[in-house]
Amino acid sequence: MAEKILMKGNEAIAISAIRNGVDGYFGYPITPQSEVMETLMKEKPWETTGMVVLQAESETSSINMIYGGASCGKKVMTSSSSPGVSLMCEGISYMAGAELPCVVVDVMRGGPGLGTIQPSQSDYDMIVKGGGHGDFHNIVIAPASAQDMYDFVDWGFELAFRYRNPVVILSDGIIGQMMEKVELHPAKPRRTAEEILEAAPWAVTGKPAGRPRNIITSLSLDSDIQEVFNQKLARKYAEIEAREVKYTEHLTDDAEYLFVAFGCSSRICEAAVDELRQSGIKAGLLRPVTLYPYPFGRIGELAGQVKSIMSIELNLGQMVTDVRLAAGGKCPVGFYGRQGGNIFTPEEIVEAFRKFNNLK
Amino acid sequence: MAFKGAIEIDTAHCKGCGVCVTNCPTGSIRLSGMVNSKGYNYAEMTGDACIGCSACALVCPDSVITVYRVKI
Amino acid sequence: MDIADIKRPENLVYRKPALITDNVMHYCPGCSHGTVHKLIAEVIEEMGIQDSTIGISPVGCSVFAYNYIDIDWEEAAHGRAPALATATKRLCPDKHVFTYQGDGDLASIGTAEIIHACSRGENIVVIFINNGIYGMTGGQMAPTTLIGMKTSTTPYGRDPKLNGFPMVIADMIAHLDGTAYITRQSVHTAAAVRKAKSAIRKAFEYSEKNIGLSFVEIVATCNSGWKMSPVDANAWMVEHMFRKYPIGDIKDVLK
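Just so you know, these numbers come straight off a predicted model, no measurement behind them. (Residues numbered from 1 in each chain as written. Chains lettered and ligands numbered in written order. Predicted model: local features only at pLDDT ≥ 70, side-chain atom pairs only at ≥ 80, totals over all residues. Heavy atoms only, no water.)

1. Topic: the environment of A:Phe152
All names here are of chain A. Take Phe 152: it is sitting in helix α6 (residues 146–163). A sequence separation of 68 residues divides Phe 152 from Gly 84, and the C-alpha atoms of the two residues are 21 Å apart. With sequence-adjacent residues up to four places away left out, Phe 152 is seen in contact with Ile 141, Ala 142, Pro 143, Ile 169, Arg 287 and Val 289. (Helix = DSSP H or I, 4+ residues; strand = E, 2+ residues; numbered from the N terminus. Contact = heavy atoms within 4.5 Å.)

And the structure:
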């Protein structure tokens with residue numbers, strides 16, 4: 001039986017990185033995610049697995065260190081919180097353009113600007129719709145527990161290498177700071193040099209005689225060549241959208257009302273659904289686990305079944321745009337959220353639900 | 001010991017910057033009155049004073065000069 | 001003796017380095033970049049380290065350095081090359097890792113990255129081309145532009161009251177404990193080219209010793225940006241640039 005340990009979500013990220021054969025972590029301190037690097041430094045994985053851990057001079061630098069490490073075909077990751085991730089957007093765009101695999105963890109806090117250090121989900125648009133300049137998508141996965149934080153590191157690298165694309169684990173201050181039981185799955189070793197050559201033949205490893213030089217770049221001055229590349233990315237995104245959508249459902253089979261919520265909000269929403277069920281209202285919950293690709297299809301199906309949908313988010317209403325798109329006008333779509341680092345209770349959600357649906 | 005040299009210039013790729021001309025200690029290289037397909041007055045060897053010292057080739061940014069040398 | 005008799009394979013004393021590709025360099029006539037590329041290619045070839053060398057190219061004129069030297073390359077965002085190099089070297093400690101950066105890239109937008117890579121003592125080589133101007137974007141002022149020098153953003157000459165003073169990066173980083181070898185060279189004469197090549201070779205050798213960062217600044221010309229002929233630009237560089245950026249070794253921890 002796998003070992004179970006009580007730990008913070010942020011610690012789970014660090015422990016998972018070591019146990020899943022990550023080659024390098026490069027980061028910069030910022031609340032509420034500093035425990036990731038602190039845990040790594042305390043664990044000293046360079047003495048066990050050989051994993052490199054380095055504190056960079058800025059988030060700009062740490063994301064570019066990831067660019068360098070990923071160029072070598074290594075499994076490299078960084079973590080930060082909202083203001084730091086803003087700085088990383090440059091590097092994320094370059095990595096999307098150079099088709100580099102990496103995992104970036106965003107433990108979201110309230111914004112804009114320095115905002116607060118309390119939990120928020122207000123980077124949805126920045127990360128799901130953008131994450132830097134240019135025509136690209138991050139693969140975005142949203143953990144809802146410390147266990148998810150542990151599991152998503154390995155899953156993130158699997159997706160990142162399968163598609164040669166940046167993966168963002170979009171977490172928040174609740175999931176990062178909350179202590180929960182985490183089951184430690186069996187450890188996976190770091191890749192050997194031979195395994196890297198096999199998994200990443202494009203990587204810069206030093207050019208041996210007999211193979212053309214490998215060049216990692218996002219630059220093309222020729223519009224026609226760039227367009228061909230953009231269209232190649234489009235085909236990749238279409239494949240991701242066809243294959244990788246993931247979501248969970250709670251009591252949706254006979255649901256007459258649907259909630260959509262991701263990450264920590266989905267946990268709170270689940271309690272609200274149960275409360276409504278106890279009072280005889282057939283509510284259900286869909287939690288998108290992947291935010292890109294987004295479960296448009298399934299939400300669209302459910303929109304034809306339910307009387308209304310509410311998107312519940314810790315922001316001013318960002319994901320609700322996608323929920324509306326998915327619902328396609330089949331039913332009314334509402335929103336309830338808290339901002340600034342404040343968190344809603346299940347009761348608050350129930351009250352907002354009753355108001356939106358004109359139910360006593 | 002004396003040397004005699006000769007240079008070969010990839011005139012198609014010479015950009016006619018003239019840096020080789022000012023670096024030649026024996027005045028054995030000059031810019032041609034002719035131009036290549038890019039419109040540059042390419043460098044060419046002149047006279048028989050070349051000693052094969054490679055100064056021209058060392059300073060050539062486009063690596064278009066090959067140098068030969070024999071002892072005489 | 002006929003010229004044809006001299007041009008025999010056994011008499012060959014200098015040719016284009018094998019690691020310089022056949023791609024025609026996009027640089028302007030007389031640009032120092034090509035000469036420095038050639039020296040790096042020669043050093044890699046002579047040390048026999050083609051299969052263990054990783055180059056990091058910058059943003060600026062030399063962004064396409066990867067088209068010209070036949071090794072594996074990473075192309076960095078503007079100023080970030082030392083960050084890429086840091087991770088590359090730490091994750092692949094048996095490789096020779098070097099960055100190739102201009103003064104806009106290294107001395108302006110990338111000051112944080114270069115200073116911290118120096119401070120951490122990363123075992124990498126940095127080749128820094130200082131021609132006192134932004135070449136690729138059309139001749140704007142760089143941090144290294146001399147006082148009084150005209151550029152497209154200092155059309156009346158650099159005025160310290162308006163634009164501040166030139167930055168002397170090599171001397172600044174010499175104060176950092178993580179740097180092992182710092183030198184300033186040029187490539188405008190055959191003698192200078194030979195010295196610059198020795199310096200680059202030494203920098204690559206030092207990077208094998210794990211004693212810190214090696215930094216080779218090349219004071220260079222940008223004849224297009226300076227609006228001079230290549231030959232005049234070399235003379236102007238000697239007269240003006242060398243006064244602010246004197247040629248010679250600045251730091252060598254093994255001496």
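2. Focus: the interface of chain C and chain A
Accessible area lost upon the coming together of the parts is a frequently used measure of interface size. Of the residues lining the interface, 37 residues belong to chain C; the matching set on chain A comes to 33 residues. Taken over both partners, the interface formed by chain C and chain A buries close to 2700 Å², and the fraction arising from carbon and sulfur atoms is 61%. If you look at where chain C meets chain A, you find five salt bridges. For the interface between chain C and chain A, the tally reads 15 residue pairs in polar contact (both at pLDDT 80 or more). (Buried area = accessible area lost by both parts, 1.4 Å probe. Salt bridge = Lys/Arg side-chain N within 4 Å of Asp/Glu carboxyl O. Polar contact = N/O pair within 3.5 Å; in protein donor to acceptor, adjacent residues only side chain to side chain.)

3. Details of the interface of chain C and chain B
Counting residues at the interface gives 32 residues for chain C and 31 residues for chain B. Here chain C packs against chain B, burying approximately 2600 Å² in sum over the two surfaces, 66% of which is carbon and sulfur. Among the residues chain C hides against chain B, the three largest losses belong to C:Ile6, C:Lys7 and C:Tyr14. Together they make up 22% of the total. In this assembly, chain C and chain B are joined by one salt bridge. The shortest N-O distance in the salt bridge between B:Glu8 and C:Lys7 comes to 4.0 Å. Linking chain C with chain B are 11 residue pairs in polar contact (both at pLDDT 80 or more), by the criterion used here.

4. Some thoughts on the arrangement of the chains
The assembly contains two pairs of chains in contact; the pair sharing the most contacts is chains A and C. The closest approach of any C-alpha atom in chain A to one in chain B is 21 Å; the two make no contact.

5. Describing the nonpolar core
Grouped together as the largest cluster of nonpolar side chains are 145 residues, with contacts concentrated most on A:Met77, A:Phe259, A:Leu291, A:Ile309 and C:Phe215. In terms of residues, this core owes the most to one element, α6(A), which gives 11 residues. Residues lining this core come from more than one domain, with at least three contributed by each of domain 1 (3–195) and domain 2 (247–356) of chain A. In this view, A:Met77 contacts A:Ile13, A:Ala17, A:Val22, A:Gly24, A:Tyr25, A:Phe26, A:Ile66, A:Val103, A:Val105, A:Val153 and A:Phe157; residues no more than four positions away in its chain are not counted. B:Val19, B:Ala57, C:Tyr27 and C:Ala196 belong to the second-largest nonpolar core, a separate cluster that totals 61 residues. (Core = buried A, V, L, I, M, F, W, Y, C linked by side-chain atoms within 4.5 Å. Buried < 20%, exposed > 50% of the residue type's maximum accessible area, 1.4 Å probe, protein only. Domains from an automatic or database assignment.)

6. Quick notes on the side chain of A:Thr205
You can see A:Thr205 is positioned in the loop between α8 (193–199) and β9 (215–216). Only 3.1 Å separates the side chain of A:Thr205 from the side chain of A:Arg211, close enough to count as a polar contact. With sequence-adjacent residues up to four places away left out, A:Thr205 is seen in contact with A:Cys72, A:Leu197, A:Arg211, C:Asp51, C:Asp72 and C:Lys95.

7. Side note on the pattern of salt bridges
Counted by the stated rule, this structure contains 38 salt bridges over all chains. Between A:Glu57 and C:Arg120 there is a salt bridge, and its shortest N-O distance comes to 2.8 Å. With A:Glu57 in the loop between β3 (52–55) and α3 (59–71) and C:Arg120 in helix α5 (residues 111–120), this residue pair bridges two chains. A relative accessible area of 13% means that A:Glu57 is categorised as buried. Owing to a relative accessible area of 23%, C:Arg120 belongs among the partly exposed residues under this scheme. Because the salt bridges share partners, they merge into one network encompassing C:Glu42, C:Glu46, C:Lys197, C:Arg201 and C:Glu205.

8. A few points about the packing of aromatic side chains
All names here are of chain A. Scanning all chains against the criterion turns up 14 aromatic pairs over all chains. Aromatic pair Tyr 257 and Phe 353: ring centres 5.1 Å apart, planes at 85 degrees, arrangement edge-to-face. Of this pair, Tyr 257 sits in strand β11 (residues 257–260) while Phe 353 is found in helix α13 (residues 346–356), placing the two residues 96 residues apart along the sequence. For the residue pair Tyr 257 and Phe 353, the accessibility class agrees, reading buried in each case. (Phe/Tyr/Trp six-rings, centres within 6.5 Å; stacked < 30°, edge-to-face > 60°.)

9. Remarks on the sheet that holds β9(A)
Pairing is mixed across the open sheet formed by eight strands, whose spatial order is β9(A)-β3(C)-β2(C)-β4(C)-β5(C)-β9(C)-β8(C)-β10(C). Each having just a single partner strand, β9 of chain A together with β10 (248–252) of chain C make up the two edges of the open sheet. With seven bridges connecting them, strand β8 (residues 179–186) of chain C and strand β9 (residues 213–219) of chain C associate as parallel partners. Each residue of the ladder has a partner; that of C:Ser186, found in β9(C), is C:Val219. Seen against the sheet, helix α2 (residues 32–47) of chain C touches β2 (53–57), β4 (96–102), β5 (125–130) and β9 of chain C and runs at an angle of roughly 175 degrees to β4(C). (Pairing = 2+ DSSP bridges. Axes fitted to C-alpha atoms, helices over the stretch in contact; angles between N-to-C directions.)

10. Things to note about the pairing of β3(A)
All names here are of chain A. Summarising the sheet, strand β2 (residues 24–27) and β3 pair through four bridges and their orientation is parallel. By the bridge assignment for β3, Phe 26 is matched with Leu 54. For the handedness criterion, the β-α-β arrangement of β2, helix α2 (residues 35–43) and β3 is classed as right-handed. (Right-handed = clockwise from strand over helix to strand, strands pointing away.)

11. A few points about unusual backbone geometry
Residue and element names in this part refer to chain A. Between Thr 31 and Pro 32 the backbone carries a cis peptide bond, its omega angle lying at 5 degrees. The topology assignment puts Pro 32 in the loop between β2 and α2. At the junction of Gly 111 and Pro 112, the peptide bond is cis and its omega measures out at 5 degrees in the coordinates. Tracing the backbone shows Pro 112 in the loop between β5 (102–108) and α5 (124–129). We note that Lys 44 has phi near 50 degrees; this positive angle belongs to a residue other than glycine. Here Lys 44 is to be found in the loop between α2 and β3. Owing to a relative accessible area of 36%, Lys 44 belongs among the partly exposed residues under this scheme.

12. Here we look at the environment of A:Ala70
All names here are of chain A. Position of Ala 70 among the secondary structure elements: in helix α3. Given a relative accessible area of 0%, Ala 70 falls into the buried group. Excluding anything up to four places from it in sequence, Ala 70 contacts Val 76, Met 95, Leu 100, Pro 101 and Trp 202.

13. Here we look at the sheet that holds strand β1 (residues 3–9) of chain B
Pairing is antiparallel in the open sheet, where three strands are placed in the order β1(B)-β4(B)-β1(C). Where the open sheet ends on each side, the last strands, each with one partner, are β1 of chain B together with β1 (12–14) of chain C. Each adjacent strand pair in this sheet contributes to an overall mean axis angle of 35 degrees, direction not counted. In this sheet, strand β4 (residues 65–71) of chain B lies alongside β1(B) in antiparallel orientation, the contact comprising seven bridges. The partner of B:Glu8 across the bridge, within β4(B), is B:Thr66.

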